[in-house]
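Fold and contact review
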Amino acid sequence: MTEPNWTELRKQFPMLETWTYLDTARKAPLPLCVEQATRDFFRDVNENAGDEVWNPASVEKTRVVMARLLGAPSSSIAFVKNTTEGLNIASHALNLASGDNIVVTDMEHRANLWVWEHWRARGCEIRCVRNRDGRLPIEAFLEKIDEKTKVVATAWVTYRNGYRVDLKALGGICRQRGVSLVVDAVQGAGLLSDPLSELNADFISIGGHKHLLGLTGSGVLYSRPELVKNALPGITKTPEYFTADPATLERYDQHRFESGNPNFLGLLVFRRAAEFLESIGLQNIETRVRDLTDELLQMLKRRHIRTQTPSNWNERCQIVNILVDVDAKTLSAQLHQQRIAVNVRDGILRASLSFFNNEADLETLVRALP
Ligand SMILES: Cc1ncc(COP(=O)(O)O)c(C=O)c1O
């Protein structure tokens, strides 16, 4: 695949004309194709009574594109509202029972803790893998997994310092032991080129509003097809699925995770955004993000500013956290005044990059740091 023209691609994001935006780990700036999709949606509603956009066929088209982008069969892709909802659905598809234990980590976003609390109240034990200097090595998981472990739930890329868990290794170990691996991949998916179906995970949940460049309220839940059987069926309004005939409940496919009217607008946007990402290529995006984050880490080092983000690419992704000697919240607010968007997570400044960033963005940030 040829190297994309990054300067041209940047022009697809009007927000970048006035902002140094280093906060995609929170929300992505929306590209022009997304704005166009919303206009197309309204046009179809107004001119064609929504024939095209209020149509399950439109959702199925999105499924095919999204599956291709993320590297999974479309039959394993369900559309959900956000990461949290996907994790919650996964937790209800695992036949958890009193006495089982669930292994989480101390680097999870609260979304991947809340959903498991429900199971604590039903007699499951929640065990926590403690990070080691900001890392979650496989050995740390192994110390917590035993014969009563039913699930390991972890982020692919953690939201704090951006540590990237070795899912292939962890998933292999889980599979050997009959343990399910549930992954919060909202940080990572859309940037890393590993196909979802090769991550050795059972469920992978991804909110759409970060690296997939979608709207809030749209997300993806990947599932291994074998697991769909155990899930409670959703109640959909699509005639094909909404019927009193129990035989149709035997449709053990990913539609069981979807209920009611889908987010037609969000899913049209999702398709256009996925096509846009596909036209750039996840491999190119990953290389670009690796190079830019390398550059930022080097710049920080030159300024003797510390970070807890690992330098090895296999252990990180787009997030670089920055340890400053001043109050991070105050600093972040000051940067905001200068139209530099970063974030603060757990008291630490966090920059997150994407393919549309450039060296000038990094220089602007590093120059503005005390
Ligand atoms: C790692 C991680 N998981 C989950 C969430 C929450 O995602 P959602 O709002 O899609 O449920 C976030 C951030 O918002 C996050 O960074």
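Up top is the structure.
Presented here is an overview of the structure given in this document. (Residues numbered from 1 in each chain as written. Predicted model: local features only at pLDDT ≥ 70, side-chain atom pairs only at ≥ 80, totals over all residues.)

Focus on the overall build of the chain
A count of helical and extended segments in the chain gives 12 helices and 12 strands. A globule of 370 residues ought to have a C-alpha radius of gyration of about 21 Å, and the chain, at 21 Å, matches this closely. Viewed in the frame of its principal axes, the chain has a C-alpha envelope of about 65 × 60 × 40 Å. Looking at the chain residue by residue over its 370 residues, the buried ones come to 45%. Nonlocal contacts in the chain, meaning residues at least 24 apart in sequence, comprise 71% of its contacts between residues at least 6 apart. (Helix = DSSP H or I, 4+ residues; strand = E, 2+ residues; numbered from the N terminus. Rg over C-alpha atoms; globule rule 2.2 N^0.38 Å. Buried ≥ 20, exposed ≤ 12 C-beta atoms within 10 Å, placed from the backbone. Contact = placed C-beta atoms within 7 Å.)

Side note on the pairing of strand β9 (residues 319-322)
The alternating pattern of β9 places Ile319 and Asn321 and Val320 and Ile322 on opposite faces, both of which are buried. Two strands pair when backbone bridges link them, and β9 and strand β12 (residues 348-352) are joined in this way by four bridges, in the antiparallel orientation. Across the sheet, Asn321 pairs through a bridge with Arg350, a residue of β12. (Pairing = 2+ DSSP bridges.)

So, the sheet that holds β9
Spatially, the three strands line up as an open sheet ordered β9-β12-β11, and their pairing is antiparallel. Whereas interior strands pair on both sides, the edge strands pair on one side only; in this sheet they are β9 and β11 (343-345). Put simply, the sheet's adjacent strands are angled 40° from each other on average, direction ignored. For β11 and β12, the ladder comprises three bridges, and the chain directions are antiparallel. Following the sheet pairing, Val344 is matched in β12 by Leu349. (Axes fitted to C-alpha atoms, helices over the stretch in contact; angles between N-to-C directions.)

Distances and angles like these do not, on their own, reveal function.
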